[in-house]
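# Structure assessment
Chain by chain, the residues run as shown.
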Amino acid sequence: MKNMLPQFNFHARLLGLCGGLLLLVPQLGWAVGTPSGTTISNTATVSYAIAAVPQPIVTSNAASFLVDKKVNLVVAEIGATATAVNIGQTGAVIPFSVTNLGNDPQGFTLAAASATGNPATGGVAPFATNDFSATGLVVYVDANNNGVYEPLIDTATAIPNLAAGVSRNVFVVGDIPAATLNNQQSVVSLTATAVVPTTMAALVATAGADTAGVDVVFADGAGVAAGDIARDAKHSAYGAYLASGVGLLMNKTVLSVLDPKGTAIVMPGAVLTYQIVATLSGAGTATNLAITDPLPANLTYVPGSIAVNGIAKTDAADADNAQFVANTVSVSLGNVASPANFVITFRATIN
Amino acid sequence: MRISRLLLTTTLLAMLGSFSLAAHAADGALKVKSIAEVETTLVGKDGKKTVKRTPPEKTVPGSEVIFTNTFENTGNKTASGIVINNPIPANTEYRAGSAFGKDCEILFSADGGKTFGAAENLKIKGTDGKDQTALPKEYTHIRWTYKGQLAAGKSGEVGFRAVVK
């Protein structure tokens, strides 16, 4: 009955009909379970003889039952690696996948949260340390499931209907605070909750004994997020932002004060020596790095006082990289490989 | 592939259904009853595990179901040559090594019941057209051949386990 030929023909026709659909849903990796409401029925037949005379074949009753609704899902970070972000970056993206492991189509709500402290469970490398919290976390669904976050297209924040066995990419999008240091990591969890498709109403597991109809059975495992236990129609996974690239820290101080009497009293006529320390951290190259410092109105620049890393520079906009033009001290450092450190000093007189 | 198999097997079941109607008309001395059950393991307060069999409860893909066929000679003459034939239910996969039946030779089919063989000898045509050993999940039928005779009033039991696909 189940010879190969009709199967093959049918398959070929299915492909022909659904080619477009298959293109839209490329991730059909999981075996699809028997849909809920399917009746499974077993029947046996017996042949026998009485006094060597074959008797009519006897057929059993049909032992049957209904397949119940299995609610199961898995959330996974894609790549199992922390997402490299720039310090101060906005709209930084961590890709996740949500897979419907149940036997029916299901909707999924999505929520992202920053981990509190170092993750206790599921915090396996590279997601073990949590140094800072990314802000403004939002989850967007990859509308065309191409794995690339496209802000104009990927605007949905929940998955209304995901077929059984199908995966969908989602993106956690957040901002990296400017105060973040290089190599600091922010661990975030993504929690997906299976809900009724389209209406997004909560799913309720059938309590107690089996019912005659289709029961709802939660079959998900525990996730990493706090409170995400097994069999709660939720699953969660960690991802992380890793601040990398070039970080620039600037620190301006008054190094010394020299008043007209030779003491260090800040008064009109006193000369202040300013020090600007620029520190590049992380890996990479800062391109066209320029440090500018406009002088306030109550200060007068002391001509010829600019020094970079202890080397005196002229005030003119010339071959050396420092100048005093339009009441502003500026130093053009060009392309600078990180890590690097610059100390700029200049003097100004209090009016 | 899976969908096509499902459809075909449904057709198979429908055909079996019409068979059974015809067979019931001529009730013989032998009666056969099929039941489906699931096993649940209960852990008592003392930590001891007890396995309980119940009608299928909360049965979802991945659940293992036990199908048991009880055959009984309800006539007054001894029956012989008893052969029980059981197609693996649609949407389930046979669990390897689970078929049981006292005093029975148990053979399997992977070609819709056309040919039967012992599990280790069962072949199926691969996609390359060559014979290869059939996997338990590819079995389509189980056949028990009862060794010996079944006296009037006696009964026997055969069965197997299958996993909901």
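Keep in mind that this is a model prediction, so the values were computed, not measured.

Tallying secondary structure elements over chain A gives 1 helix and 23 strands in all. A total of 351 residues make up chain A; the buried ones form 34% of that total. Summarising the internal contacts of chain A: among those between residues at least 6 apart in sequence, 72% fall at separations of at least 24.

Before going further, it helps to spend a moment on the sheet that holds strand β11 (residues 135-141) of chain A. All names here are of chain A. With respect to topology, 4 strands assemble into an open sheet ordered β7-β9-β13-β11, the strand pairing being antiparallel. At either margin of the open sheet sits one strand with a lone partner, and together these are β7 (73-77) and β11. For this sheet, the mean inter-axis angle between neighbouring strands, taken without regard to orientation, is 25°. Here β11 runs beside strand β13 (residues 167-175); their pairing, made up of 5 bridges, is antiparallel. When the bridges of β13 are listed, valine 139 appears paired with valine 172.

Residues and elements named next belong to chain A. What the 5 strands build is an open sheet, ordered β8-β16-β14-β10-β12; its pairing is mixed. Taken across any chain shown, the strands that pair with only one partner, and hence form the sheet edges, are β8 (83-86) and β12 (158-162). Going from strand to strand, the sheet's axes swing by 30° on average, the running direction of each strand aside. Bridge count between β8 and strand β16 (residues 234-244): 4 bridges; the pairing is parallel.

Below, the discussion takes up the environment of tyrosine 241 of chain A. Residue and element names in this part refer to chain A. For tyrosine 241, the position within the fold is in strand β16. It is 9.4 Å that separates the C-alpha atoms of tyrosine 241 and asparagine 130, two residues lying 111 residues apart in sequence. If we ignore the near neighbours within four places in the chain, the residues touching tyrosine 241 are Ala82, Thr83, Val85, Ala92, Ile94, Ala134, Gly174, Ile176, Gln185 and Ser186.

A few words now on the pairing of strand β5 (residues 63-66) of chain A. On a regular strand, each side chain points to the face opposite its neighbour's, so the side chains alternate between the two faces of the sheet. All names here are of chain A. Side chains of β5 alternate between two faces, with Ala63 and Phe65 buried and Ser64 and Leu66 left unburied. Both strand β1 (residues 39-42) and β5 contribute to a ladder of 4 bridges, which runs antiparallel. Looking at the pairing, isoleucine 40 lines up with phenylalanine 65 of β5.

Positioned with a positive phi, threonine 198 of chain A is a non-glycine residue whose angle comes to about 70°. Not every positive phi belongs to a glycine, and arginine 231 of chain A is a case in point at roughly 60°.

Residues and elements named next belong to chain B. The buried fraction of strand β10 (residues 141-146) is high, at 5 of 6 residues. Where strand β7 (residues 104-109) and β10 come together, 6 bridges link them in antiparallel fashion. The residue of β10 that forms the bridge with serine 109 is histidine 141.

So, on to the confidence of the model for chain B. Residue and element names in this part refer to chain B. Residues at a pLDDT of 70 or more form 83% of chain B, whose mean pLDDT is 84. When mean pLDDT is taken per element in chain B, β10 scores highest with 97 and helix α1 (residues 2-25) scores lowest with 42. In the predicted structure, residues 1-27 sits below a pLDDT of 50 and forms 30 contacts with residues beyond four places in sequence or in another chain.

Okay, the nonpolar core next. Core analysis: the largest hydrophobic core is formed by 86 residues, its most contacted members being Val46, Phe108, Val172, Val188, Leu190 and Tyr241 of chain A. In this view, valine 46 of chain A contacts Ile57 and Val58 of chain A together with Leu30, Val32, Phe71, Ile82, Val83 and Ile84 of chain B; residues no more than four positions away in its chain are not counted. Counting residues in each nonpolar core, the second largest holds 8 residues, with Ile306, Val329, Ile344 and Phe346 of chain A among its members.

Parameters and conventions
Residues numbered from 1 in each chain as written. Chains lettered and ligands numbered in written order. Predicted model: local features only at pLDDT ≥ 70, side-chain atom pairs only at ≥ 80, totals over all residues. Helix = DSSP H or I, 4+ residues; strand = E, 2+ residues; numbered from the N terminus. Buried ≥ 20, exposed ≤ 12 C-beta atoms within 10 Å, placed from the backbone. Contact = placed C-beta atoms within 7 Å. Pairing = 2+ DSSP bridges. Axes fitted to C-alpha atoms, helices over the stretch in contact; angles between N-to-C directions. pLDDT = per-residue confidence, 0-100. Core = buried A, V, L, I, M, F, W, Y, C linked by C-beta atoms within 7 Å.

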